[in-house]
Amino acid sequence: MQSLSTQQLRSIVEELWLEDADASAFGLHVSSSVKGPPEVEFEFGIAHVLRADNVFQIREALLEAEEKNDRIILLTKLQQGDLGHDVVARLARSRLFPFNHVASLCSLFKAKELDRSICDPGIAHALLEYSPRDGYPPVSAGILDAGTVWSALCRHVFEMGDREPDLVTLLLWATTDNGPKRYIEATSELRGSLRNRLHSRLGDAADAVLRIIDSDAGKDALALAVTCQVIFGSGDDSVLDAAAARLEQYHQNKTISKAIGRMLGDLANDAVADLDRRDDPRIAQSHLERADALLEQFHGKDHSYRNGLSRQGYEQRLIRFGQHIKRAIANPNETSIADCEREQKHVADHRIGKQRRYGEQVSRTEMAVRLIRWLNQPLPEATSFADQSNAYVKELAFADWAREAICRGEDIPEVSDAYIALDAAVSKRQRGFAEQFAKGLADWSSVGSTSIGVIGVEHVLEEVIAKVVAQKNRVLMIVLDGMSWAVCHELLEDIRQDHWFESTFDEDSAIPHPVIATVPSETRYSRTSLLSGELTDGD
């Protein structure tokens, strides 16, 4: 039995009845399975709805309405020729109006003609049932095209948004409450019409999303799409066949092809990004936590690194990065270094790795890769102390900066262990250079600090500040206690990002000469010598 709602009857009848407002009865031909509400309220008053399927019932209803001065809507399975001329003459506009989806749709949109591709009566019933309070906007030129019908259906019936959905919108819609519930409760004909429409516009991936809803797993649609990144992989990664088979229970026990699985995985990226932009991030996080749980259910947890969205995937990528760092320390070569670079990129490309609060953690992976590369390069050849000092500034200071970064600790033991091993390898390699530097410093100091290419701290005022002042510049000298070149490189990188730059005497890009602190390099010696312009001690 199909029921016409109050809104449906009002939409069908009102405009036609207003053209003969004095008539007390409106006749509507419907199938025997259609029934209506008890009454409908119009602008001109209330009309009672009666079901009458023989002429005697109709005559009796008309007579009673005329005696009581009531208005009635007659629903009948009879044809107009079955009623008799006297009965038809007493109906609005002297006719029995047929109920059909074409006429109903046209009346909803004030159209004269309907695109004949709309052949499902269920579409008209659904649009009537969920008609907005102020009705649908009239179509231009009096022609109701399929696009307008489907846009209205998607918006008002299935709550998909203002227009027909794209794949990302469809995937997110599947996780909501009302829209998918209406889809499940719709007639099989209407569900089939929607499936055909979406499939023709969006392809097989749309069909896969609807199958997930039909399996009563709509809430998990986004989480399942995330698992597809793991199960179906990318590039030359193989399909996890057993996990793919377990996934089928959420897809009406139908196989998901590798191509569709990868397409769903790509959709998950866009859908989560959409949630991150416009919603509470906890919503996206809940879907991703569910994805991790599903992967464990599918026995695919150990391959979570293949997804670029969930926390489990991010942590596994970090662990894999740490494992490759250890391998590169044990066997440094181009292949092992390339493996580290690839795994570091996987960490940086992950959704979590792109978040600002994890910036330092990702930066540490970059520093670790730099150190791995550095371990595979020959140390600079430096014969004089000036060469050794400049080599330190230009190269080894960067290694110290990177070491400082990775020694700040990690929450993941596998990564922390890798960084400890890397720091030990770098320290061992630097030890030889440090010994050479110490000998060079002793020789340089013994001859009175006259080598070209380095500056003693006591000569900074004379060699740098005085020359800047001599060119009629005003100078502010800031002394930062304990400033090493490793720290300086890190500081300069931040300063350059704020659009500052270093100025040099020759307007070139060469860094200034290294400045050598006193030995011992304590404040009472170095700072006093700096500000006095001579080697001395004091406060």
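Everything below is about the structure printed above this text.
None of these values were measured; they are calculated from a predicted model.

Conventions we followed
- Residues numbered from 1 in each chain as written.
- Predicted model: local features only at pLDDT ≥ 70, side-chain atom pairs only at ≥ 80, totals over all residues.
- Heavy atoms only, no water.
- Axes fitted to C-alpha atoms, helices over the stretch in contact; angles between N-to-C directions.
- Helix = DSSP H or I, 4+ residues; strand = E, 2+ residues; numbered from the N terminus.
- Parallel < 35°, antiparallel > 145°, perpendicular 65-115°, else oblique.
- Left-handed = near helix turned anticlockwise from the far one by under 90°.
- Contact = heavy atoms within 4.5 Å.
- Nonpolar A, V, L, I, M, F, W, Y, C, P; charged D, E, K, R; others polar.
- Pairing = 2+ DSSP bridges.
- Salt bridge = Lys/Arg side-chain N within 4 Å of Asp/Glu carboxyl O.
- Buried < 20%, exposed > 50% of the residue type's maximum accessible area, 1.4 Å probe, protein only.
- Polar contact = N/O pair within 3.5 Å; in protein donor to acceptor, adjacent residues only side chain to side chain.
- Expected span 1.5 Å × (residues − 1).
- Bend = angle between axes of the 7 residues up to and from the residue.
- Patch = residues over 30% accessible without salt bridge, like charges linked within 9 Å, V, L, I, M, F, W, Y side chains within 5 Å.
- Areas by Shrake-Rupley, 256 points an atom, 1.4 Å probe, with all protein chains shown as cover.
- Right-handed = clockwise from strand over helix to strand, strands pointing away.

**Some points on the packing of helix 5 (residues 121–129) against helix 6 (residues 146–157)**
Next, step 1: For the pair helix 5 and helix 6, interaxial distance at closest approach is 10 Å and the crossing angle is 50°. With respect to helix 6, the axis of helix 5 lies oblique. Seen along the crossing, helix 5 lies across helix 6 with a hand that is left-handed. Seen from helix 5, the contacting residues are Ile123, Ala126 and Leu127; seen from helix 6, they are Val149, Trp150, Ala152, Leu153 and Val157.
Next, step 2: Of the residues that constitute the contact of helix 5 with helix 6, the class distribution is eight nonpolar, no polar and no charged.

**Brief notes about the sheet that holds strand 6 (residues 72–76)**
Next, step 1: Strands sit in the order 4-5-6-2-7 across an open sheet of five strands; the sheet is mixed. Two strands bound the open sheet, and with one partner strand each, they are strand 4 (39–42) and strand 7 (91–98). Averaged over all neighbouring strand pairs, the angle between strand axes comes to 20°, with direction disregarded.
Next, step 2: Helix 1 (residues 6–18) rests against strand 2 (25–29), strand 4, strand 5 (45–51), strand 6 and strand 7 of the sheet, and its axis sits at about 50° to strand 4.

**Considering the packing of helix 11 (residues 221–232) against helix 13 (residues 258–278)**
Next, step 1: Contact geometry of helix 11 with helix 13 gives a least axis separation of 7 Å together with a crossing angle of 130°. When the interaxial angle is binned, helix 11 and helix 13 end up oblique. For the element pair helix 11 and helix 13, the recorded crossing hand is left-handed. Contact with helix 11, carried on its side by Leu222, Ala225, Val226, Cys228, Gln229 and Phe232, involves Lys258, Gly261, Arg262, Leu264, Gly265, Ala268, Asn269, Ala271, Val272 and Leu275 of helix 13 and no other residues of that element.
Next, step 2: Classifying every residue of the contact of helix 11 with helix 13 gives 10 nonpolar, four polar and two charged.

**Remarks on the pattern of salt bridges**
Next, step 1: Scanning all chains against the criterion turns up 29 salt bridges.
Next, step 2: Of the charged contacts, one joins Arg195 and Asp207 as a salt bridge, the two residues approaching to 2.7 Å between their closest N and O atoms. Remark: Asp207 occurs in helix 10 (residues 204–214) and Arg195 occurs in helix 9 (residues 188–202); sequence separation between them is 12 residues.
Next, step 3: Its salt-bridge partner being Lys345, residue Asp349 comes within 2.7 Å of it at the nearest N-O pair. Here Asp349 and its partner Lys345 are both found in helix 16 (residues 334–349), four residues apart, which amounts to about one turn of the helix.
Next, step 4: Residue classification places Lys345 among the partly exposed positions, given a relative accessible area of 49%.
Next, step 5: Linked through salt bridges whose partners overlap, the residues forming this network are Arg195, Asp207, Arg211 and Asp214.

**Description of the environment of Val426**
Next, step 1: With respect to the helices, strands and loops of the structure, Val426 is situated in helix 19 (residues 413–446).
Next, step 2: According to the relative accessible area criterion, Val426 is buried, its value standing at 0%.
Next, step 3: Sequence separation of Val426 and Glu14 is 412 residues, and the distance between their C-alpha atoms is 86 Å.
Next, step 4: Not counting residues within four places of it along the chain, the set of residues in contact with Val426 comprises Leu371, Trp374, Leu375 and Arg403.

**A look at the side chain of Asn307**
Next, step 1: By secondary structure assignment, the location of Asn307 is in the loop between helix 14 (281–297) and helix 15 (311–330).
Next, step 2: Of the residues examined, Asn307 reaches a relative accessible area of 0% and is grouped as buried.
Next, step 3: There is a polar contact of 2.8 Å between the side chain of Asn307 and the backbone oxygen of Ser304.
Next, step 4: When sequence neighbours within four positions are dropped, the list of residues in contact with Asn307 reads Val226, Gln229, Val230, Leu295, Gly313, Arg317 and His350.

**Here we look at helix 1**
Next, step 1: For helix 1, built from 13 residues, the straight-helix expectation of 18 Å at 1.5 Å per residue is met to within 8% by its first-to-last C-alpha distance of 17 Å.
Next, step 2: Along helix 1, the sharpest change in direction is near 30° and occurs at Ile12.
Next, step 3: Every buried residue belonging to helix 1 is among Gln8, Leu9, Ser11, Ile12, Val13, Glu14 and Trp17, and all of these are buried.

**Thoughts on a nonpolar patch on the surface**
Next, step 1: A cluster of nonpolar side chains, Leu476, Ile478, Leu480, Met483, Val487, Leu491, Ile495 and Trp500, forms an exposed patch at the surface whose accessible area comes to about 810 Å².
Next, step 2: Tracing the sequence through the fold places Leu480 in the loop between helix 20 (460–470) and helix 21 (485–497).
Next, step 3: Relative accessible area serves as the criterion here: at 44%, Leu480 is assigned to the partly exposed category.

**Structural notes on the pairing of strand 6**
Next, step 1: Along strand 6, five of the five residues are buried, which leaves the element largely enclosed by surrounding structure.
Next, step 2: Relative to strand 6, strand 5 runs parallel, the two being bridged by four bridges. Counted as the bridge partner of His48 is Ile72 from strand 6.
Next, step 3: In this region the chain leaves strand 5, passes through helix 2 (residues 55–68) and returns to the parallel neighbour strand 6; the handedness of that crossover is right-handed.

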